[in-house]
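# Coordinates in review
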Amino acid sequence: MSSPALAALAALPQADLKSIFTTDPDRLSKFTLTQGPIRFDWSKTHLTSGLLEGFLKLAEEKGFAAQRDALFAGEAVNNTEGRAAEHPAERGEGNADSVARAKMFHARMRALIDAIEGDALGPIRHILHIGIGGSALGPDLIVDALGGGDARYDVAIVSNVDGTALERAISRFDPEATLIAVASKTFTTTETMLNAASAINWMVEAGVEDPYGRVIALTAAPDKAIEWGVDETRVLPFAESVGGRYSLWSSIGFPAALALGWDAFESLLEGAATMDRHFRLSEPRANAPLIAAFVDQYYARVVGAQTRALFAYDERLALLPSYLQQLEMESNGKSVTRDGKPVDGPTAAITWGGVGTDAQHAVFQLLHQGTILTPVEFIASIEPGHALDPAHHRALLVNCFAQGAALLRGKDNDVDPARAYPGNRPSTTILLDDVTPEALGALIAFYEHRTFANAVLMGINPFDQFGVELGKEIARSIETEGPKGFDPSTMALIDLALGGA
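Here is a short report on the structure shown in this document. (Residues numbered from 1 in each chain as written. Predicted model: local features only at pLDDT ≥ 70, side-chain atom pairs only at ≥ 80, totals over all residues. Heavy atoms only, no water.)

A few words on the overall build of the protein chain. Counting its regular elements, the protein chain contains 19 helices and 11 strands. For the protein chain, whose C-alpha radius of gyration is 24 Å, the value lies close to the compact-globule estimate of 23 Å for 501 residues. In terms of principal-axis extent, the alpha carbons of the protein chain reach across some 75 × 60 × 55 Å. The buried share of the protein chain, reckoned over its 501 residues, is 52%. Counting only contacts in the protein chain whose residues sit at least 6 apart along the sequence, the fraction spanning at least 24 positions is 74%. As displayed, the protein chain has an accessible area near 21600 Å², and 53% of this comes from carbon and sulfur atoms. Once the 41 positive and 64 negative side-chain charges of the protein chain are each reduced to a mean point, those two points are 6 Å apart. (Helix = DSSP H or I, 4+ residues; strand = E, 2+ residues; numbered from the N terminus. Rg over C-alpha atoms; globule rule 2.2 N^0.38 Å. Buried < 20%, exposed > 50% of the residue type's maximum accessible area, 1.4 Å probe, protein only. Contact = heavy atoms within 4.5 Å. Areas by Shrake-Rupley, 256 points an atom, 1.4 Å probe, with all protein chains shown as cover. Lys, Arg positive; Asp, Glu negative; His and termini not counted. Charge placed at Lys NZ, Arg CZ, Asp CG, Glu CD.)

Encoded structure:
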């Protein structure tokens, strides 16, 4: 390991989780932190006071404070593309000019929402949101988590270019009462534009008089949207410096703001801004995103764990694992440092997960008795998201807490080894007061800053995503030039499924 601080961390002995609370009676207070409506508990991980001090030295060695300041100052922290990463400005935290621009764009979005609510575009009941990646995952998470049965409009979010996805969405909508939101940063994304064209055709075939008049463009390239056919008054821009997977706070969040109401969207932004201020102003040893990154770094870089599992013990957060897969793996799934040199070890772990208690009956066998060490993260809410018998939520939380205890404690069985549980398996618990707009905003911002902190500690740029381009380039070349020069397997597949075209 080229980092002296990281090498020193690797040389420290690993704690025994089964006895860790006995050897350190103050452990719970040392490794829990409450920030606003969220409690973070790292006490059932292998993090120790010695490791914490070592990671603080690593953060200092990597210039964490300076890079954090550069992020909020609007400097070009995305060095490979020569631009800033200004998603915090969408929440009111960052470069003053960028914050002012974000507020202007938000005001424009609110004015259009007010017009839609006043039936300026007709009696709208349905929102068809078309995007992919961050242009779909963020809005989908927010609407699903906060909408419940109270959303004011039916919302369908379509990302897959597979026509089945779009067909299923529009089959339940009345085209005369549908608004189409097309979300694409460049307004050239192949999958999105094909889905958008098909949605327009659906409206034309249904006899909608002015289908383009029902389209709202959410983009950082407004000229492209106008060229495509959207009237300038229905284009909601956002800044080029806002990355796709960090964009739900911008006009990409339009379907959530319309479906949930502007007050809920503003509360989401303020919750995120609260976490922004905590991350920017808190000293390192009391900084939730940074401490979480220390834990990530320990398991991925020191122990060598290749995956990290996340389980939401709340149906409202069912889409969070999918959202974090993109955020974490697209951001930190890199093999070179900011200056283009090979990294000196593993980078991002593979993020995966599911919803409790379903996951207990699907994948927890491996977590408890398998041979692969997997750090586990549990997320739950003290308040339920329903009005049914409280026994439902009690059972949910009891199961959540029991799983963490079981991973830690294990259970010996000398008579029947198949029934033995080794224990000594780490978990983190994140407990929300409730899944409110404020809490959800803070939670997502926490994960954003945790991802950034991990990148700083590894010396990589988390804001580019060149790894997604090669396959798309090859697909475009097949469409425009025909298949040629590929390996025999690829040529055979094209010939069999596409008739060689």
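More follows now that the structure is in view.
Let's shift gears to the layout of surface pockets. Taken as a whole, the largest pocket spans an internal volume of roughly 860 Å³. Taken together, 36 residues form the lining of the largest pocket, with Glu-330, Gln-465, Val-468, Glu-469 and Lys-472 sitting closest to its centre. Of all the secondary-structure elements, those providing two or more residues to the lining of the largest pocket are α7 (134-147), α9 (190-205), α14 (320-332) and α18 (469-481). Of all the elements, α14 adds the most residues to the lining of the largest pocket, at 4 residues. Looking at the lining of the largest pocket residue by residue, the classes come out as 9 nonpolar, 17 polar and 10 charged. (1 Å grid on protein atoms, 1.4 Å probe; cavity = no way out; pocket = protein on both sides within 12 Å on 5 of 7 lines; lining within 4 Å. Points joined across faces, edges and corners; volume = space filled by probe spheres on them. Nonpolar A, V, L, I, M, F, W, Y, C, P; charged D, E, K, R; others polar.)

Moving on to the packing of aromatic side chains. Each pair of aromatic rings is reported with the distance of its centres and the angle of its planes. If you walk through the whole model with that rule in mind, you get 17 aromatic pairs. Where Phe-72 meets Phe-279, the ring centres are 6.4 Å apart and the plane angle is 45 degrees; that geometry is what we call tilted. Here Phe-72, found in helix α5 (residues 64-73), pairs with Phe-279, found in helix α12 (residues 262-281); they are 207 residues apart in sequence, far enough to count as distant. As far as the burial class goes, Phe-72 and Phe-279 line up, both buried. Between Phe-452 and Phe-463, the aromatic rings sit 6.1 Å apart at their centres with planes inclined by 25 degrees, giving stacked as the arrangement. Taken as a pair, Phe-452 in helix α17 (residues 437-458) and Phe-463 in the loop between α17 and α18 lie far apart in primary sequence, 11 residues in all. Judged on exposure class, the residue Phe-452 and its partner Phe-463 are both buried. Here the aromatic residues Phe-64, Phe-72, Tyr-246, Phe-279, Phe-452 and Phe-463 are joined through ring pairs into a cluster of three or more. (Phe/Tyr/Trp six-rings, centres within 6.5 Å; stacked < 30°, edge-to-face > 60°.)

Every other side chain in a regular strand lies on the same face of the sheet, so the side chains alternate between the two faces. Counting buried positions along strand β10 (residues 376-381) gives 6 out of 6 residues, so the element sits mostly inside the fold. Burial along β10 is two-sided: the residues Val-376, Phe-378 and Ala-380 and Glu-377, Ile-379 and Ser-381 are all buried. Sheet topology places strand β8 (residues 307-313) next to β10; 5 bridges connect them, and they run parallel. Across the sheet, the residue bridging to Leu-310 is Glu-377, located in β10. Across 6 bridges, the pairing between β10 and strand β11 (residues 427-432) is parallel. Opposite Ala-380, over in β11, you have Leu-431 as the bridge partner. Considered for its hand, the β-α-β crossover made up of β10, helix α16 (residues 391-409) and β11 is right-handed. (Pairing = 2+ DSSP bridges. Right-handed = clockwise from strand over helix to strand, strands pointing away.)

Our next topic: the pattern of salt bridges. If you walk through the whole model with that rule in mind, you get 24 salt bridges. Between Asp-434 and Arg-316 there is a salt bridge, with its nearest N and O atoms 3.1 Å apart. You can see Asp-434 sitting in the loop between β11 and α17 and its partner Arg-316 sitting in the loop between β8 and α14, a full 118 residues away along the chain. Look at Arg-316 and you get buried, because its relative accessible area is 14%. In this structure, Glu-377 engages Arg-450 in a salt bridge whose closest nitrogen and oxygen atoms are separated by 2.9 Å. Separated by 73 residues along the polypeptide, Glu-377 in strand β10 and Arg-450 in helix α17 bring together distant segments of the chain. This pair shows no difference in class: Glu-377 is buried, exactly as Arg-450 is. (Salt bridge = Lys/Arg side-chain N within 4 Å of Asp/Glu carboxyl O.)

Counted residue by residue, strand β5 (residues 178-183) has 6 buried out of 6 residues, so it is predominantly covered. The alternating pattern of β5 places Thr-178, Ile-180 and Val-182 and Leu-179, Ala-181 and Ala-183 on opposite faces, both of which are buried. Inspection of the sheet shows strand β3 (residues 126-130) paired to β5 by 5 bridges, in the parallel sense. Bridging from a neighbouring strand, His-126 pairs with Thr-178 of β5. Pairing of β5 with strand β6 (residues 215-219) involves 4 bridges; the strand directions are parallel. Bridge pairing links Ala-183 to Leu-218 in β6. You can see the chain leave β5, run along α9 and come back into β6, and the turn it takes is right-handed.

Following Gly-356, the chain continues into Thr-357 via a peptide bond in cis, with omega recorded as 10 degrees. When you line up the elements, Thr-357 lands in the loop between β9 (350-355) and α15 (364-369). Phi is positive for Asp-119, which is not a glycine, with a value near 65 degrees. Along the chain, Asp-119 falls in the loop between α6 (96-117) and β3. Its identity as a non-glycine residue notwithstanding, Asn-424 has a phi of 60 degrees, on the positive side. Turning to its location among the elements, Asn-424 is positioned in the loop between α16 and β11. Look at Asn-424 and you get partly exposed, because its relative accessible area is 23%.

What follows deals with the nonpolar core. Side chains that are nonpolar tend, in soluble globular proteins, to be buried together. Counting residues in hydrophobic clusters, the biggest one holds 99 residues, and the most contacted among them are Phe-254, Leu-320 and Tyr-447. Top contributing element to this core by residue count: α17, with 12 residues. Other than its neighbours up to four places away in sequence, Tyr-447 contacts Arg-308, Leu-310, Leu-320, Leu-324, Leu-327, Glu-328, Glu-377, Ile-379 and Ile-430. One finds Leu-166, Phe-187, Ala-199 and Ala-225 within the second-largest nonpolar core, a separate group that totals 23 residues. (Core = buried A, V, L, I, M, F, W, Y, C linked by side-chain atoms within 4.5 Å.)

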